[in-house]
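Breakdown of the fold
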Amino acid sequence: MPTIDVNGTPVQYTAEGSGPGLLFVHGTGGHGEAQFGHLREHFTDRHTVITPDCSGSGRTPLHADELSLDELVEQAIGAARAVTDEPFDIVGFSLGAVVAAAAAAKHPELVRRLVVINGWARNDDPRQQLATDLWRRLPAVDEEAFAAYSALLIFSPPFLAGFGSEGVKATVAGIKAEEWTLQQIELDHHVDITDRLPAITAPTLVIGSTRDVLIPVEHSRELHQAVAGSEYAELESGHMVIFEKTAELVELLTGFLDRD
C-alpha cells in the first residue's frame, strides 16, 4: 500500500482503476478499505479510485494527542494529489463527509464534484450533543456497552435485527474502543463547518438517511440548504447506508458523478 507524507504523518492509501480521480473519505471508526472496498469495483472502470486511511485509521498512525479537521483535510487531499495532478471528485461519508466538504471549501480549484453522505455542518443541538457525549464517555465506563451502543447508533433497527441473535453478538464483538476511534468521536462532538460552506463552488450532491439516529437526517437537509446550488437525495437507511443500501447508493453516485 503506497504512502504519502503529510505534515509528518505517513498516510497510507490505495489507488485503483483508470480515469479521473475519485477520492473516497471514510468516517469515524473506519478506514478506506473497510467502508469503501465493496464500492470500489463499481467505479474503477472509469475512475481512479483513491481511498486514504486518515490519522489513526487502518495503517496510518496517530501523530498528535488531538485530531483536527484541517489535519484530516490535508491528509485526504495529499493522498489524492499523490495520484493525480488533475481536479478530482470527492465522496465523503459521516465524518468523512465533513472532511470532504471542508476540503472542497479550502481547495475549490482541486475539487470537480462533491458528494456528502450522512454529514453535518454543526453539532451543537442538544440531542446531538447528548448522543455523541455519551458515545465518547462510555468506553471509560463499560467497553461492551460502548460496542452495543455503537451498533444501535449506526444501524437501522430492521437492518440490525436482520443479523439474527448470533449475528448481532458478532457485530457488537467486532466494535472496539480504540484510541483513534475515540479521538475521531471527540472531533465529531465539536466540529463545525458552518462558516466554510459558502466557499464550496463544486457541483454538490448531499445524501441523507431517514432512519439515521447517529446523524439525524435534518443535518443533511441543513447541509443541502447551506451549499448553494446543491442537489439532495434521501435513502431509507440507518447511518451505515454504505452497507444497508449499497445498490441504491451506487445508483445515486453514478448518476451524479458520471453526468456530462
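For the structure itself, look to the data block above.
One structure accompanies this document, and this report is about it. As a convention, each chain's residues are numbered from 1 in the sequence order in which they are written. Predicted model: local features are reported for residues with pLDDT of at least 70 only, side-chain atom pairs are reported and counted for 80 or more only, and whole-chain, interface and lining totals are derived from all residues. Processing note: side-chain calculations cover all non-hydrogen atoms of the structure and skip hydrogens and water entirely.

Quick look at the sheet that holds strand 7 (residues 204-209)
- If you walk across this open sheet you meet the eight strands as 1-2-4-3-5-6-7-8, and the pairing is mixed. Where the open sheet ends on each side, the last strands, each with one partner, are strand 1 (3-6) and strand 8 (231-235). Across the sheet, the mean angle from the axis of one strand to that of its neighbour is 20°, orientation sign disregarded.
- When DSSP finds two or more bridges between a pair of strands, those strands are recorded as paired. Under the scheme used here, helices are H or I runs from DSSP no shorter than 4 residues and strands are E runs no shorter than 2 residues, and both carry numbers assigned from the N terminus. Taken together, the five bridges between strand 7 and strand 8 define a ladder with parallel strand orientation. By the bridge assignment, Leu205 is partnered in strand 8 with Glu231.
- The strands that helix 11 (residues 246-257) touches are strand 3 (21-25), strand 5 (88-93), strand 6 (111-117), strand 7 and strand 8; relative to strand 6, the one it contacts most, it runs at about 155°. For helices, the axis comes from a line fit to the C-alpha atoms of the stretch in contact; other axes are also lines fit to C-alpha atoms, and the angle between any two N-to-C directions lies between 0 and 180 degrees. Residue contacts are counted whenever heavy atoms from the two residues lie within 4.5 Å of one another.

Thoughts on unusual backbone geometry
- Positive phi, normally seen in glycine, also occurs at Ser94, with a value near 60°.
- Its identity is not glycine, yet Asn118 carries a phi of approximately 50°, on the positive side.
- Along the chain, Asn118 turns up in the loop between strand 6 and helix 4 (126-141).
- Judged by relative accessible area, which is 0%, Asn118 ranks as buried. Using a 1.4 Å probe on the protein chains alone, a residue whose accessible area is under 20% of its type maximum counts as buried, one over 50% counts as exposed, and one in between counts as partly exposed.

What about the side chain of Gln183?
- Residue placement: Gln183 occurs in helix 8 (residues 179-190).
- Overall, the relative accessible area of 9% leaves Gln183 in the buried class.
- Counting of polar contacts relies on pairs of N or O atoms within 3.5 Å, with two restrictions inside protein: one atom must be capable of donating a hydrogen and the other of accepting it, and residues adjacent in sequence are counted only when both atoms are side-chain atoms. A distance of 3.4 Å separates a polar side-chain atom of Gln183 from the backbone nitrogen of Leu67.

Overview of the packing of helix 2 (residues 69-83) against helix 3 (residues 95-106)
- At a closest axis distance of 9 Å, the pairing of helix 2 and helix 3 adopts a crossing angle of 80°. Classed by the angle they form, the pair helix 2 and helix 3 counts as roughly perpendicular. The segment helix 2 lies against helix 3, with Leu69, Asp70, Leu72, Val73, Glu74, Ala76 and Ile77 engaging Leu95, Val98, Val99, Ala102, Ala103 and Lys106.
- Of the residues in the contact of helix 2 with helix 3, the class split is 10 nonpolar, no polar and three charged. In these notes the angle categories are as follows: under 35 degrees is roughly parallel, over 145 is roughly antiparallel, 65 to 115 is roughly perpendicular, and the rest is oblique. Under the grouping applied here, Gly and all other residues not named as nonpolar or charged are polar, the nonpolar ones being Ala, Val, Leu, Ile, Met, Phe, Trp, Tyr, Cys and Pro and the charged ones Asp, Glu, Lys and Arg.

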